[in-house]
Protein chains: 2
Amino acid sequence: MHPPDRILMGPGPSDVHPRVLQSLGHPLIGHLDPDFTPLLDRVGEQLRTLFGTSNRVTFPVSGTGSAGMEATVVNLVEPGDDVVVGVNGVFGGRIAEVARRAGANVHTVEAPWGRIIDPQAFLEEVRKRRPAVAALVHAETSTGAHQPVAEIGEALRGEDTLLLLDCVTSLAGVEVAVDAWGVDAGYSGTQKCLSVPPGLSPVTFSDRAVAKVRGRASPVQSWYLDLTLLLGYLDAEGGRTYHHTAPVSMIYGLAEGLDLVLEEGVDARIARHAHLGGLLQDGLTQLGLPLLAQEGHRLPQLTTVGLPDGVDEAAWRARLLKEYGIEVGGGLGDFAGRAWRIGLMGHSCDERNVRLLLAALERLLDETR
Amino acid sequence: MHPPDRILMGPGPSDVHPRVLQSLGHPLIGHLDPDFTPLLDRVGEQLRTLFGTSNRVTFPVSGTGSAGMEATVVNLVEPGDDVVVGVNGVFGGRIAEVARRAGANVHTVEAPWGRIIDPQAFLEEVRKRRPAVAALVHAETSTGAHQPVAEIGEALRGEDTLLLLDCVTSLAGVEVAVDAWGVDAGYSGTQKCLSVPPGLSPVTFSDRAVAKVRGRASPVQSWYLDLTLLLGYLDAEGGRTYHHTAPVSMIYGLAEGLDLVLEEGVDARIARHAHLGGLLQDGLTQLGLPLLAQEGHRLPQLTTVGLPDGVDEAAWRARLLKEYGIEVGGGLGDFAGRAWRIGLMGHSCDERNVRLLLAALERLLDETR
C-alpha cells in the first residue's frame with residue numbers, strides 16, 4: 001500500500017503531523033492495562049484544556065465526529081422532548097435529524113447558507129418552546145460560518161434547557177470556551193484542527209448534563225453510546241468496568257496530537273489559524289472570487305469560495321489533485337456545483353499551503369481569461 | 001509515549017503484526033480521494049473471502065465490534081419485532097439488550113455459561129415465535145464456547161426469519177461460512193483473530209437483509225449506523241456520497257491485516273489456531289486446571305480455564321503482567337473471580353506464547369504447593 005502524496009486542504013481530514021503518524025504504530029497494550037488507563041485520563045485532561053472546561057466527563061467517543069453528535073443527542077434527548085436546533089447548513093440539519101430519530105419534537109431556527117443563526121431569533125424560539133436541548137453548530141463545515149455562542153449561552157444561564165454545541169471543526173482552530181459560555185455538552189472530531197486521523201470524537205458533558213442522563217426515564221436508545229455505561233469504564237470510580245474495547249492505537253494518536261497542540265499553545269494555535277485564514281481569504285478576494293460566508297463571521301480554518309460561472313468545479317478539483325496533489329472539498333447543499341470548501345486546519349494550516357493553493361488557483365483562472 | 005512491551009493473550013486486543021503497525025503510519029489521504037475508495041472496495045472484497053460470502057454489502061463499520069453489533073441489530077429490527085437470541089454468556093446478553101433498546105420483543109434461549117445453545121431448543125423457540133431476527137454468538141468471548149451454526153441455518157432456510165451471527169472472535173480464527181450456513185447478517189471486530197487494532201467492525205448483510213432494511217416502515221434509530229445512508233458512500237453506485245468521514249488510518253491497518261490473513265491462507269490460519277489452541281488446552285489440563293467450555297465445543301482462540309480454589313486470580317494476572325509482560329483476561333459474569341480467559345488470536349497465536357504462558361503458570365502453581 002502506497003498512498004499518494006497529498007496536501008489535505010479540504011474540510012477534513014487534515015494533514016497529520018509525523019509525530020502523530022509515528023505514535024499510531026506503537027505496539028498495542030490492552031484497554032484494561034494499568035499503563036493504558038492513565039493515558040486515557042491524560043487525554044481527558046488535555047481535552048478539558050482545549051474545550052475550556054472543568055467538566056469531569058470529557059473523553060473521546062469511539063467513532064468519528066458524527067458518532068459524537070449522536071452520542072450527545074441520544075443521551076440528552078428522551079422521546080417526546082422538545083429540541084431547538086439552529087440550521088444554517090448540513091450539520092445543523094444533521095443534528096435535527098439525529099434528534100428526530102431519538103424521538104424529539106424538533107423545532108428549527110434557520111438561516112440562509114453561509115449566514116449565522118441570529119442569536120435573538122434563536123433565543124426567541126428557545127423561550128417559546130422551553131426545550132430540553134438547544135443545539136448550535138459552532139463552525140458550520142458546510143458553509144464556513146462561525147456562530148457566536150457567548151450571548152446565547154449567557155441568556156440561557158439558569159434555564160432548564162441544556163445547550164449543545166457542535167465543535168467538530170472549531171476545536172483548536174478558533175476559541176472554544178465551554179464553561180465560560182455555559183455550554184452543557186459539546187463534541188468534536190479528531191481529523192480537523194487537531195490533525196489526528198478520523199475515528200474518534202472528543203466530547204464533554206457538564207455535571208447537569210450528566211445528571212440529566214442519569215435521571216432519564218427511558219434507557220438511552222444506543223447501547224454503544226450510552227454515557228452511563230461508558231462512565232463505568234472511563235471513570236476510575238466506575239471501576240474500569242469493560243464496556244467496549246477502546247481503540248488503543250487511535251488513542252495513542254490523539255494523545256500525541258494533543259501534546260502537539262499544547263506544546264504550541266492553544267492561543268498561539270488559534271492565532272495561527274486566524275492569521276493564515278485571513279491571508280487565504282484576502283488572496284481569494286484579490287483573485288476576484290467571492291467569499292460565501294457572512295462577513296465578520298468567517299471561520300479562518302474553513303473557507304467557502306465561489307467559482308466563476310461556467311467553471312466545472314469538479315474538473316478543477318480533480319486537476320488540483322492531479323497536478324498539485326492538493327485536496328480541497330466541493331460545495332454541499334446550496335453550494336454544490338459552484339463553490340469549494342478550503343480547509344486550513346491544524347498541521348495543514350501552513351503559509352506554504354496558502355501560497356501554493358493561491359498560485360495554483362491563479363493559473364487555473366488564467367486559463368479562462 | 002512509550003507503551004510497555006506486552007504479549008497480548010487476553011480476549012482482545014491481540015498483538016498486531018509489525019506490517020500492520022507500519023501501515024497505520026502512512027500519511028493520510030481523504031476519504032473521498034480517488035485513491036482511497038478502491039482501498040475500501042478491496043477491503044470489502046477481502047472481507048467477503050473471510051466471511052465466506054458473496055454479499056455485496058460487506059464493509060467495516062466505523063466503530064468497535066460492539067458498534068457492529070448495534071449496526072446489524074438497529075438496521076434489522078423495527079419496533080415491535082420479535083427477536084430470538086441465544087444467551088450463554090455476556091455477548092448474547094448484549095445482543096438481547098441492544099435489541100430491546102431498538103424496540104424488539106426479545107425472547108432468549110439460554111444455556112449455562114460455557115455451554116453452547118442447544119440447536120433444537122433454539123429452533124423450537126424460533127418456530128414458536130417466528131421472529132424477524134434470530135441471533136447467535138458464534139464464538140462467545142466470555143466463555144470460550146464455539147456455537148455450531150450450520151444445522152440451525154439449514155433449518156431456517158426459506159423462513160422469513162433473518163439469522164444474525166456474532167463473529168467478533170470467530171472471524172479468521174475458526175471457520176466462518178456465512179453463505180453456506182444461511183447467515184443473513186454478521187459482524188466481527190478487528191482486534192481479535194484479524195490482529196488489527198480495535199476500532200473497526202467488519203459487517204456483512206445478505207441481499208434479503210438489505211431488502212428488509214430498505215423496506216423498513218420507520219427510520220433506523222441510529223443515523224450514524226443507518227445502512228441505507230452508509231451505502232450511499234460505500235457503494236460506488238451510491239455515488240460516493242459523503243456520510244461520515246471514514247477512519248482512514250484504521251482502514252490502512254485493516255487492509256494490511258487482511259493481506260496478511262490471505263497471504264497465510266484462511267484455511268492455514270484456522271489450522272494454526274486449532275493446533276495451538278489444542279496445545280494450550282492440553283497443557284492446561286496437564287497442569288491440573290479445568291477447562292470451562294463444553295468439551296467438543298471449545299474455541300481454540302479463546303480458552304476459559306478455572307484457577308485453583310483460594311487463588312486470587314487478579315493478583316496472579318497482575319504478576320503475569322509484571323513479571324512476564326503477558327496479558328490474559330479475567331473471567332466475566334459467572335466466571336468472575338475464578339477463571340481466566342486466554343486468547344491465542346491472530347498474531348498472538350504463536351507456539352512461543354503457548355510455551356511461555358504454560359511455563360509461567362507452572363511456576364505460579366508451584367508456589368502454592
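Within any chain, residue numbers begin from 1 and follow the written order of that chain's sequence. Throughout, the order in which chains and ligands are written sets their labels, letters from A for the former and numbers from 1 for the latter. In keeping with the predicted nature of the model, local features appear solely for residues at pLDDT of at least 70, side-chain atom pairs appear and are counted solely at 80 or more, and the whole-chain, interface and lining totals rest on all residues. As a rule here, side-chain values cover all heavy atoms of the structure and leave hydrogens and water aside.

### Topic: the sheet that holds strand 3 (residues 82–87) of chain A
Residues and elements named next belong to chain A. The following threshold applies: DSSP-based pairing: two strands are paired if at least 2 bridges between them are found. Starting at the N terminus, helices and strands are each numbered in turn, a helix being any DSSP run of H or I of at least four residues and a strand any DSSP run of E of at least two. What counts as an axis is a line fitted to C-alpha atoms, over the stretch in contact for a helix, and the angles between N-to-C directions run from 0 to 180 degrees. Two residues form a contact once any of their heavy atoms are found within 4.5 Å.
With respect to topology, seven strands assemble into an open sheet ordered 2-10-9-8-5-3-4, the strand pairing being mixed. The open sheet has two edge strands with one neighbour each: strand 2 (57–61) and strand 4 (105–110). Between one strand and the next, the sheet's axes are offset by a mean angle of 15°, whatever the strand orientation. Strand direction decides the pairing type here: strand 8 (residues 162–166) and strand 9 (residues 185–187), joined by three bridges, are parallel. Of the residues in strand 9, the one forming a bridge with Asp166 is Tyr187. Together, strand 2, strand 5 (133–137), strand 8, strand 9 and strand 10 (201–205) form the strand contacts of helix 3 (residues 65–76), whose direction differs from that of strand 10 by roughly 25°. On the sheet, helix 9 (residues 227–234) packs against strand 2 and strand 10 and is oriented at approximately 95° with respect to strand 2.

### Details of the side chain of B:Gln191
Looking at the secondary structure, you find B:Gln191 in the loop between strand 9 (185–187) and strand 10 (201–205). Among residues more than four places away in sequence, those in contact with B:Gln191 are A:Thr245, B:Gly12, B:Pro13, B:Ser14, B:Val196, B:Pro197 and B:Pro198.

### A short note on the interface of chain A and chain B
Going by this rule: A simple way to read buried area is as the amount of 1.4 Å-probe accessible surface that goes missing from two parts once joined, with both sides added. For this analysis, a salt bridge means a side-chain nitrogen from Lys or Arg found within 4 Å of a carboxyl oxygen belonging to Asp or Glu. Whenever a nitrogen or oxygen atom comes within 3.5 Å of another N or O atom, the pair is scored as a polar contact, on the condition that within protein one atom can donate a hydrogen and the other can accept it, and that pairs from neighbouring residues in sequence are kept only if both atoms are in side chains. Note that Gly is not counted as nonpolar here; it falls among the polar residues with everything else outside the nonpolar set of Ala, Val, Leu, Ile, Met, Phe, Trp, Tyr, Cys and Pro and the charged set of Asp, Glu, Lys and Arg.
If you look at the interface, chain A gives 59 residues, while chain B gives 59 residues. It is A:Met1, A:Arg101 and A:Trp223 in chain A that bury the most area against chain B; as a group they hold 17% of the surface buried on that side. Where chain A touches chain B, the interface holds six salt bridges. Where B:Arg101 meets A:Asp226, a salt bridge forms, and the shortest distance between an N and an O atom there is 2.7 Å. At the junction of chain A and chain B, the tally comes to 21 residue pairs in polar contact (both at pLDDT 80 or more). The set of elements that each furnish at least two residues to the side of chain A that touches chain B consists of helix 1 (18–24), helix 3, helix 4 (90–101) and helix 10 (248–264) of chain A. Here the residues of the side of chain A that touches chain B are counted per class, giving 30 nonpolar, 19 polar and 10 charged.

### A few points about the pairing of strand 5 of chain A
Residue and element names in this part refer to chain A. As a reminder of what qualifies: The buried label goes to any residue with under 20% of its type's maximum accessible area, the exposed label to any with over 50%, and the partly exposed label to all in between, with areas taken from a 1.4 Å probe on protein chains only.
A large share of strand 5 lies buried, amounting to five of its five residues. Burial along strand 5 is two-sided: the residues Val133, Ala135 and Val137 and Ala134 and Leu136 are all buried. Here strand 5 runs beside strand 8; their pairing, made up of five bridges, is parallel. Bridging from a neighbouring strand, Ala134 pairs with Leu163 of strand 8.

### Concerning the UniProt feature "domain: Aminotransferase class V" (unreviewed entry) in chain A
Spelled out, the test is: UniProt positions are given in the numbering used here, feature names are shortened, and annotations may be inferred rather than shown by experiment.
Mapped onto this structure's residue numbering, the UniProt feature "domain: Aminotransferase class V" (unreviewed entry) falls at residues 26–331 of chain A. Within the segment residues 26–331 of chain A, helix and strand shares are 42% and 16% respectively, and the terminal C-alpha atoms sit 37 Å apart.

### Observations regarding the packing of helix 10 of chain A against helix 11 (residues 266–286) of chain A
All names here are of chain A. The condition that has to hold: Here the angle decides the label: under 35 degrees means roughly parallel, over 145 means roughly antiparallel, 65 to 115 means roughly perpendicular, and every other value means oblique.
The N-to-C vectors of helix 10 and helix 11 enclose an angle of 85°; their axes lie 5 Å apart at closest approach. On the basis of their axis angle, the class for helix 10 and helix 11 is roughly perpendicular. Of helix 11, the residues touching helix 10 (which contributes Val261, Leu262 and Glu264) are Val266, Ala268, Arg269 and Arg272. Taken together, the residues of the contact of helix 10 with helix 11 break down into four nonpolar, no polar and three charged.

### Overview of the UniProt feature "modified residue: N6-(pyridoxal phosphate)lysine" (unreviewed entry) in chain A
On the UniProt side, "modified residue: N6-(pyridoxal phosphate)lysine" (unreviewed entry) is annotated at positions that read A:Lys192 here. Sequence-distant contacts of A:Lys192, that is, excluding residues within four places in its chain, are made with A:Pro11, A:Gly12, A:Ser14, A:Thr141, A:Val168, A:Thr169, A:Met345 and A:Gly346.

### Thoughts on the domain arrangement of chain A
Residue and element names in this part refer to chain A. Put simply, the rule reads: For every domain, the bounds stem from an assignment made automatically or drawn from a database.
What the domain assignment reports for chain A is domain 1 (7–11 + 266–367) and domain 2 (18–262). For domain 1 and domain 2, the distance between their C-alpha centroids amounts to 27 Å. In this complex, domain 1 contributes 24 residues to the contact, which on the side of domain 2 involves 28 residues. With both chains or domains summed, domain 1 and domain 2 bury close to 2,100 Å², and 61% of this area falls on carbon and sulfur atoms. On the domain 1 side of the contact with domain 2, Arg269, Gln294 and Leu299 bury the most area, a combined 26% of that side's loss.

### As for the sheet that holds strand 9 of chain B
Residues and elements named next belong to chain B. As summarised here, the arrangement of the seven strands in space is 2-10-9-8-5-3-4, forming an open sheet in which the pairing is mixed. Across the chains shown, the open sheet's two edge strands, defined by having one partner strand only, are strand 2 (57–61) and strand 4 (105–110). When strand polarity is set aside, the average angle formed by the axes of neighbouring strands in this sheet is 15°. Relative to strand 4, strand 3 (residues 82–87) is paired through six bridges, and the arrangement is parallel. If you follow Val83 over to strand 4, its bridge partner there is Val106. Running at roughly 25° to strand 10, helix 3 (residues 65–76) makes contact with strand 2, strand 5 (133–137), strand 8 (162–166), strand 9 and strand 10 of the sheet.

### Examining the relation of the copies chain A and chain B
This is how it is decided: In this comparison the copies share one frame, found by least squares on the C-alpha atoms of residues holding pLDDT of at least 70 in both.
Superposing chain A onto chain B requires a rotation of 180° together with a translation of 0.0 Å along the rotation axis, leaving an RMSD of 0.0 Å. Both copies are brought into coincidence by an operation consistent with a two-fold rotation axis. Residue A:Gly63, judged by its C-alpha, is the member of chain A lying nearest the rotation axis, at 2.6 Å. Most of the interface of chain A is mirrored in chain B: 100% of its interface residues are interface residues there too.

### Observations regarding helix 13 (residues 351–367) of chain A
Residues and elements named next belong to chain A. For clarity, the cut-off: An expected span of 1.5 Å times one less than the residue number is assigned to each helix. The directions from the helix axis to the C-beta atoms form the arc being described.
If you check helix 13, its first and last C-alpha atoms are 25 Å apart, about what 17 residues at 1.5 Å a residue would give, namely 24 Å. Among the residues of helix 13, those classed as buried are Asn353, Val354, Leu357, Leu358, Ala360, Leu361, Leu364 and Leu365. One side of helix 13 carries all its buried residues, which in axial view fall inside an arc of 165°. Turned more than 90 degrees off the buried face of helix 13, the exposed positions are Arg352 and Arg363. On its buried face, helix 13 sits against strand 1 (7–8), helix 11, helix 12 (313–324), strand 12 (326–327) and strand 14 (339–343). The opening residue of helix 13, the one whose side-chain oxygen lies 2.8 Å from the backbone nitrogen of Arg352, is Asp350.

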